[in-house]
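Inside the fold
Next come the chains, spelled out residue by residue.
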Amino acid sequence: MFEPSSQRTTSSMKISIILPVYNVAPYLIECLDSIRAQTYSNIEVIALDDGSTDESLSMLREYAESYPALQVVSLEHKGVSVARNYGIELAAGGYIFFLDPDDKIVPTAIETLMKKVVGGRFDLVCFGADRLIDGTGELVPHTRYRDEELEREEVYKAPYQINESVCFKFYRRELLLAKDIRFVPGHFYEDVSFHWKCLLSAERIVFTSESLYLYRLRPNSTMTNSVIKKSGMAVHHLYELEEIYRFMKVQKLFENNQSLFASILERYVESGYKFLAAEDKSEYVEETKRLVAKTGIEPHRFTLCYDLVHGKKVRRNVYRWRRSLRCKLGMLD
């Protein structure tokens, strides 16, 4: 049974929570209750049912009868990217929060984030998260930051310290609209290009040391299994890289940030290779060569990207050594 918070704060700024829903009936009410329990009251919740075949849609509609802030939209099944993009178009809040329907947020999440943006024109707020172990309810620390504010140039120096998950950030809606930042339909790992578009566009980012998001680890879920070698998946890392390149060219960010893009390219070519099914290797190599040729970036030696492009033997120990050395030197890796 939901129990409303007895200590709510209000503000003139509305906040939009975008909730894409697909076949999550066992977890949905717990997620909705965590939204309803927020100590910050000026919230709209846009729940986008992505053609669920279980009871999720009927549960949303029933919940909305007693929770006017919940707007329920029924869509044909086209994937989470389409649902989130539709939510961005519908959102009326000054800031946007993406929440997955099997996860939860702590009661003070939105209030904490609003305190961070008051008095400053921040494009992003980054916050901590914990793993919620399904079945036991155990919380395991995951992402953590220290309280600080960074300008764009400072972020560019150490971009990999920021978690890629779109759910661990608070977005100024005007930034997403002005820069036409959207998810790419049909891509696996859709968080990657969205994350980088925001990171490359944000003028100011603020961090909080508090953990506000609880993401559930379910048996056999993608998050539980860190590496799944499923045919056709690995190449989507390259598709996301191509989308980052396209965005940087359109926004006129590429020419002055080629070293940063080279680092991104090398990192995600290697990341995708971990997911590579044996039957996809030739396609992955050819797509890597095509992407390198298109961007005009020459990969650094002692990287997987360089070795794939130049037909050399894969040397994982060398790549680990290079990353370790660059980290010690305070370089982009």
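Provided above is the structure to which this section pertains.
Residues numbered from 1 in each chain as written. Predicted model: local features only at pLDDT ≥ 70, side-chain atom pairs only at ≥ 80, totals over all residues. Heavy atoms only, no water.

**What about the overall build of the protein chain?**
Each helix and strand in the protein chain was counted, giving 12 helices and 10 strands. Against the globule reference of 20 Å for 333 residues, the protein chain gives a C-alpha radius of gyration of 20 Å, in line with a compact fold. In terms of its C-alpha atoms, the protein chain occupies a principal-axis envelope of roughly 60 × 45 × 35 Å. Long-range pairs, those at least 24 residues apart, make up 77% of the contacts in the protein chain with a sequence separation of at least 6. Surface accessibility of the protein chain: about 15,500 Å² in total, with carbon and sulfur atoms responsible for 50%. Across the protein chain, the centroid of the 45 positively charged side chains sits 7 Å from that of the 47 negatively charged ones. (Helix = DSSP H or I, 4+ residues; strand = E, 2+ residues; numbered from the N terminus. Rg over C-alpha atoms; globule rule 2.2 N^0.38 Å. Contact = heavy atoms within 4.5 Å. Areas by Shrake-Rupley, 256 points an atom, 1.4 Å probe, with all protein chains shown as cover. Lys, Arg positive; Asp, Glu negative; His and termini not counted. Charge placed at Lys NZ, Arg CZ, Asp CG, Glu CD.)

**Description of the state of the cysteines**
All chains considered together, the criterion is met by 0 disulfides. You can see Cys31 has no disulfide; the closest cysteine sulfur is in Cys167, sitting 9.7 Å from it. Free cysteine Cys198: the closest other cysteine sulfur is in Cys126, separated by 9.7 Å. Given the relative accessible area of 0%, Cys198 is considered buried. (Disulfide = S-S within 2.5 Å. Buried < 20%, exposed > 50% of the residue type's maximum accessible area, 1.4 Å probe, protein only.)

**Description of the nonpolar core**
Formed by 105 residues in total, the largest nonpolar core has its most connected members in Phe97, Phe98, Ile110, Phe170, Phe194, Trp196 and Tyr213. Here this core gets 8 residues from one element, more than from any other, and that element is helix H9 (residues 258-273). (Core = buried A, V, L, I, M, F, W, Y, C linked by side-chain atoms within 4.5 Å.)

**A few points about unusual backbone geometry**
The backbone of Tyr189 shows a phi angle near 55°, a positive value even though the residue is not glycine. Relative to the helices and strands, Tyr189 resides in the loop between helix H6 (173-178) and helix H7 (191-201). In this structure, Phe302 is a non-glycine residue whose phi angle is positive, near 65°. Looking at where Phe302 falls in the secondary structure, it is placed in the loop between helix H10 (281-295) and helix H11 (304-309). With a relative accessible area of 35%, Phe302 lands in the partly exposed category.

**Regarding the environment of Lys252**
In this structure, Lys252 sits in the loop between helix H8 (235-250) and H9. Judged by its relative accessible area of 72%, Lys252 is exposed. As for Lys252 and Leu28, which are separated by 224 residues in sequence, their C-alpha atoms are 41 Å apart.

**Brief notes about the packing of aromatic side chains**
One pass over the full model with this rule turns up 20 aromatic pairs. The interplanar angle of 70° and the centroid separation of 5.6 Å between the aromatic rings of Tyr160 and Trp196 together place this pair among those described as edge-to-face. On the criterion of sequence distance, the pair formed by Tyr160 in the loop between helix H5 (152-157) and strand E9 (169-172) and Trp196 in helix H7 is long-range, its members being 36 residues apart. With relative accessibility at 15%, the residue Tyr160 sits in the buried group. Overall, Trp196 belongs to the buried group, its relative accessible area being 1%. Taken together through their ring pairs, the aromatic side chains of Tyr95, Phe97, Phe127, Phe168, Phe170, Tyr213 and Tyr215 make up a single cluster. Cation over ring: Arg84 sits above Phe183, and NZ or CZ is 5.0 Å from the ring centre. (Phe/Tyr/Trp six-rings, centres within 6.5 Å; stacked < 30°, edge-to-face > 60°. Lys NZ or Arg CZ within 6 Å of the ring centre and 35° of its normal.)

**Focus on the environment of Thr208**
On the secondary structure map, Thr208 appears in strand E10 (residues 204-217). Residue classification places Thr208 among the buried positions, given a relative accessible area of 1%. When the C-alpha atoms of Thr208 and Tyr40 are compared, they prove to be 17 Å apart, with 168 residues separating the residues in sequence. Once residues lying within four places of it in the same chain are set aside, the contact partners of Thr208 are Thr112, Lys116, Cys126, Phe127, Gly128, Tyr145 and Asp147. Within polar-contact distance, the side chain of Thr208 engages the backbone nitrogen of Glu210 at 3.2 Å. (Polar contact = N/O pair within 3.5 Å; in protein donor to acceptor, adjacent residues only side chain to side chain.)

**Some thoughts on the side chain of His187**
Looking at where His187 falls in the secondary structure, it is placed in the loop between H6 and H7. A distance of 2.5 Å separates polar atoms of two side chains, one belonging to His187 and the other to Glu240. With sequence-adjacent residues up to four places away left out, His187 is seen in contact with His236, Tyr239 and Glu240.

**Observations concerning the pattern of salt bridges**
Per the stated rule, a full pass over the model turns up 26 salt bridges. Residue Arg216 pairs with Asp134 through a salt bridge whose shortest N-O separation is 3.3 Å. With Arg216 in strand E10 and Asp134 in the loop between strand E6 (124-133) and strand E7 (139-143), this pair connects stretches of sequence that are 82 residues apart. Between Arg204 and Glu151 there is a salt bridge, with the nearest N and O atoms lying 3.6 Å from each other. (Salt bridge = Lys/Arg side-chain N within 4 Å of Asp/Glu carboxyl O.)

Note that every value here comes from positions in space, so none of it alone points to a role or purpose.
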